[in-house]
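For reference, the chains in residue letters:
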Amino acid sequence: MSEHPDVAVIRRGYQAFSAGDLETMATLMTADVIHHVPGKSPLSGHHKGREAVLDYYRTLGTETKGTLRVDLETVLADGRGHVISVHQVRADRGDRGIEMHGGLFFTLIGNKITDIDECVADIDESDAFWS
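Residues numbered from 1 in each chain as written. Predicted model: local features only at pLDDT ≥ 70, side-chain atom pairs only at ≥ 80, totals over all residues. Heavy atoms only, no water.

Trainee: Sorry, what's going on with the environment of Leu28 here?
Mentor: Of note, Leu28 is situated in the loop between helix 2 (22-27) and strand 1 (29-37). On the basis of relative accessible area, Leu28 is assigned to the buried category, the value being 4%. Separated by 22 residues in sequence, Leu28 and Arg50 place their C-alpha atoms 9.8 Å apart. Apart from the residues within four sequence positions on either side, Leu28 is in contact with Val9, Arg12, Gly13, Asn111, Lys112 and Ile113. (Helix = DSSP H or I, 4+ residues; strand = E, 2+ residues; numbered from the N terminus. Buried < 20%, exposed > 50% of the residue type's maximum accessible area, 1.4 Å probe, protein only. Contact = heavy atoms within 4.5 Å.)

Trainee: How should I be thinking about the sheet that holds strand 1 in this particular structure?
Mentor: Adjacent strands of a sheet pair through backbone hydrogen bonds, lying either parallel or antiparallel. The strand order across the open sheet formed by six strands is 2-1-6-5-4-3, and the pairing between neighbours is mixed. Unpaired on one side and paired on the other, strand 2 (45-48) and strand 3 (69-77) mark the two borders of the sheet. Strand-to-strand, the axes of this sheet are offset by a mean angle of 20°, without reference to chain direction. Alignment of strand 1 against strand 6 (residues 112-120), held across four bridges, turns out to be parallel. In the sheet register, His36 faces strand 6, and the bridge partner there is Asp117. Where helix 1 (residues 5-19) meets the sheet, it contacts strand 3, strand 4 (82-93), strand 5 (96-109) and strand 6, and its direction lies at approximately 175° from that of strand 3. (Pairing = 2+ DSSP bridges. Axes fitted to C-alpha atoms, helices over the stretch in contact; angles between N-to-C directions.)

Trainee: Looking at this structure, I do not really get the packing of aromatic side chains. What am I missing?
Mentor: How two aromatic rings sit relative to each other is given by the distance of their centres and the angle of their planes. Enumeration over the complete set of coordinates arrives at three aromatic pairs. With a centroid separation of 5.6 Å and an interplanar angle of 50°, the aromatic rings of Tyr56 and Tyr57 are classed as tilted. Consider the rings of Phe129 and Trp130, whose centres lie 4.8 Å apart with planes at 85°: the pair is edge-to-face. The class for Phe129 is buried, based on a relative accessible area of 1%. (Phe/Tyr/Trp six-rings, centres within 6.5 Å; stacked < 30°, edge-to-face > 60°.)

In short, geometric facts, not functional conclusions.
Encoded structure:
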């Protein structure tokens, strides 16, 4: 059975993120993409536009001094432009570490990501780590 094209886009995005390949990531998003980050940390909120989303990803790398690892576990598509991914996040920041499950809910139009809603297993722990 072949992989749905929307699933392939998301897998490619995870591969690019893990490799620090923001150029490839940029090609997978619309210019007006929005990444919604939950919680109350300084990184929470709505990152609007391709450059703002890429800056958010750069900040994740900078804040963790390159220790951030995201291991993709599952990708599910509905065939109507919605994709859900589940992953494991690991990172260190200062004297604190984090390891938890997270997920992203993507909306795609024309094989491009237009919207990303982020979810985490423990919002309080996530806020503490990023604050």
